[in-house]
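Summary of structural features
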Amino acid sequence: MKILALDYGSARTGVAVSDPTGTVARPVTTVERAATDAGFAKLIAVIEAEEPEIVVVGLPLTLRGEHGEQARVTEEFVERLRGAIAAPVETFDERFTSVLADGDDARAAAHILTGYLERWQSGRA
């Protein structure tokens, strides 16, 4: 199952995708200003070109696991995305992925996807 992950941010959104078996995550690109109409259209084009079966968006919870302002903004983006693409859109706790990615948004998306894939694979075992 091919899965695409997004590390959403109003300035930059990282994109990563799995291989068709849902085993390996790789960074794809970074889309600038995905919150704008032009940036959102570019992001949709990237998603459609990859043809994922599921799209996962990193949800930036607080360290306590609560929904802060950035999580609310991300959830609004997720709702917009659900209205624009055919694939189902899920969220996944992204705490600490930006630190692991060392500021690279596409790598952050790959970390989100790796975590999601690990959970997905253990769930179907």
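Each remark here, short or long, concerns the structure printed above.
Scope of this entry: the structure provided in the associated data block. (Residues numbered from 1 in each chain as written. Predicted model: local features only at pLDDT ≥ 70, side-chain atom pairs only at ≥ 80, totals over all residues. Heavy atoms only, no water.)

Side note on the packing of aromatic side chains
Rules: Centre distance within 6.5 Å is the pairing criterion for rings of Phe, Tyr and Trp, where only the six-membered ring of Trp is used; planes under 30 degrees apart are then read as stacked, over 60 as edge-to-face, and the remainder as tilted. Helix numbering and strand numbering both begin at the N terminus, where a helix is a DSSP run of H or I of at least 4 residues and a strand a DSSP run of E of at least 2. The classification of residues rests on relative accessible area computed with a 1.4 Å probe and restricted to protein chains. Under 20% of the type maximum is buried, over 50% is exposed, and intermediate values are partly exposed. Counted as over-ring charges are cases with an Arg CZ or a Lys NZ within 6 Å of the ring centre that also lie within 35 degrees of the ring normal.
Within this structure, the stated rule accounts for 3 aromatic pairs. Consider the rings of Phe-92 and Tyr-116, whose centres lie 5.8 Å apart with planes at 85°: the pair is edge-to-face. In this pair, Phe-92 is assigned in strand 5 (residues 89-93) and Tyr-116 in helix 4 (residues 105-124), connecting sequence segments 24 residues apart. Just as Phe-92 is buried, Tyr-116 falls in that class too. Three or more aromatic residues joined by ring pairs make a cluster, and in this case those are Tyr-8, Phe-40 and Phe-77. Directly above the aromatic system of Phe-40 lies the positively charged group of Arg-80, at a separation of 3.8 Å from the ring centroid.

Re the pattern of salt bridges
Defined as follows: A carboxyl oxygen of Asp or Glu within 4 Å of a side-chain nitrogen of Lys or Arg is what we treat as a salt bridge.
Scanning the model with the defined rule gives 6 salt bridges in all. The shortest N-O distance in the salt bridge between Asp-105 and Arg-12 comes to 2.6 Å. Taken together, the positions of Asp-105 in helix 4 and Arg-12 in strand 2 (residues 12-18) put the pair 93 residues apart, joining distant regions of the chain. The class for Asp-105 is buried, based on a relative accessible area of 14%. A salt bridge links Glu-50 to Arg-26, with the shortest nitrogen-to-oxygen separation between them at 3.9 Å. Here the residue Glu-50 occupies a position in helix 1 (residues 37-50), and Arg-26 occupies one in strand 3 (residues 25-32), the gap between them amounting to 24 residues. Counted as one network, the salt bridges with shared partners bring together Lys-2, Arg-26 and Glu-50.

What about the nonpolar core?
Note on soluble globular proteins: their nonpolar side chains tend to be buried together. We count it as follows: Buried residues of nine kinds, namely Ala, Val, Leu, Ile, Met, Phe, Trp, Tyr and Cys, make up a nonpolar core once their side-chain atoms join them within 4.5 Å.
The biggest cluster of nonpolar side chains holds 20 residues, and the ones touching the most others in it are Leu-6, Val-55, Val-57 and Leu-81. Counting residues per element, this core draws most heavily on helix 1, at 5 residues.

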